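# Descriptive structure summary
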Amino acid sequence: MSKIVKLKKGFDLKLVGKAPLELIQAASATTFAIKPTDFPGIQRPKVLVNEGDTVKAGTPILLDKAMDQVIYASPVSGEVVEIKRGDKRKLLEIKILADATVSHEKSGALDLSQDRAAIADKLAASGVWPNLIQRPFGIVANPADTPKAIFVSGYASAPLAADFNYVLAGKEKELQAAITALSKLTSGSVHVSVGKNDNSPFAGLDNISLHKVSGPHPIGNVGTQIAKIDPVNKGEVVWTINPQDLVIIGELLLTGKFNAERIIALAGSSVAAPKYYKTIIGASIASLVEGKLKGDNNRIISGNVLTGRTKSLKGSFGFYDTMITV
């Protein structure tokens, strides 16, 4: 059953530098990185490639020995140029020198009438499963679990956040495919929250419980929505997923192609001309911000100012992030 969810207590930070609804292609990054620290709960990462190996977008490059049915895939095609380790050989990142044109592994489309096991196996083996996060604990979901519900926040209330209605426009086919598949992974509903007055791409989809939300931040946080709609009790788990990751899953199911493209907002008071950029997960920060900032004394954050992480120009864009704030 749908709900009207209102939040009275909260606070909206009024920051300068919100991106207007204008999209351009980001400069082509030459290097991309997959970092185990991006994936909450990963315990025993095992590298599946060697330096010098050639990979495609969707090639398995990493897994967690504690949950080895889930693979972590390369977002681009190219050459593995560095497997960086720290103290006690702790894996820090896998760096890939990208091809000029991305080529993809093709695993074939999936008939969405398949049962839960077939859908879970497809997602786990294709590189998109890490987009599913379990609550409580905020860790990568375990395919062996059956969550009581899956939550998607299609409304962003964080400071300068990307407008999901804009970045998801025209992606209804992919969204529906992903929602149909995810609805078979849970014993309950797929709950999707959108703005009270939004013209959302989610509005006409099947297999969802659509909720209208309003109020100050943190109303857009999926944790707040879970607490208001279907709280997690002792012994229960729910899963969450970012809206843009639904598009990645939907395209994989429809075409068999792992396409790690993401539209991000580059925003903040130190950005000369805030805009939306189309890029690929794991792209270098330099490819997204160089030549676009005011002066040199800037703080670059992958994510928003409340929950994001500070990055240098040598860093990479976070796996789950949808914006860069400067």
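Residues numbered from 1 in each chain as written. Predicted model: local features only at pLDDT ≥ 70, side-chain atom pairs only at ≥ 80, totals over all residues. Heavy atoms only, no water.

Read from one edge to the other, the open sheet built from four strands follows the order β3-β9-β8-β5, with strand pairing classed as antiparallel. Every interior strand has two partners, whereas the edge strands, β3 (31-34) and β5 (54-55), have only one. Note that β3 and strand β9 (residues 91-98) share four bridges and pair antiparallel. Each residue of the ladder has a partner; that of Thr31, found in β9, is Leu97. (Pairing = 2+ DSSP bridges. Helix = DSSP H or I, 4+ residues; strand = E, 2+ residues; numbered from the N terminus.)

What follows covers the sheet that holds strand β6 (residues 60-64). Ordered in space as β4-β6-β7, the three strands form an open sheet in which the pairing is antiparallel. Looking along the sheet, the strands with just one partner apiece sit at the ends: β4 (45-47) and β7 (67-73). Across the sheet, the axes of successive neighbouring strands diverge by a mean angle of 30 degrees, strand direction being ignored. Taken together, the four bridges between β6 and β7 define a ladder with antiparallel strand orientation. (Axes fitted to C-alpha atoms, helices over the stretch in contact; angles between N-to-C directions.)

Now for helix α1 (residues 116-125). Considered for burial, the residues of α1 that qualify are Ile119, Ala120, Lys122, Leu123 and Ala124. On its buried side, α1 packs onto β7, α3 (172-182) and α5 (243-255). (Buried < 20%, exposed > 50% of the residue type's maximum accessible area, 1.4 Å probe, protein only. Contact = heavy atoms within 4.5 Å.)

A few words on the pattern of salt bridges. Per the stated rule, a full pass over the model turns up seven salt bridges. Taking the shortest distance from any N to any O, the salt bridge between Glu236 and Lys148 comes out at 2.8 Å. Taken together, the residues span a long stretch of sequence, with Glu236 in the loop between α4 (222-229) and β15 (238-240) and Lys148 in the loop between β11 (139-140) and β12 (150-153) at a distance of 88 residues. Look at Glu236 and you get partly exposed, because its relative accessible area is 26%. A relative accessible area of 18% places Lys148 in the buried class. For Glu251, the salt bridge is made with Lys257, and the minimal N-O distance between the two is 3.8 Å. Using a relative accessible area of 15% as the deciding quantity, one classes Glu251 as buried. Under the relative-accessibility criterion, Lys257 is labelled partly exposed at 24%. Taken together, the shared-partner salt bridges in this structure form one network comprising Glu82, Glu93 and Lys95. (Salt bridge = Lys/Arg side-chain N within 4 Å of Asp/Glu carboxyl O.)

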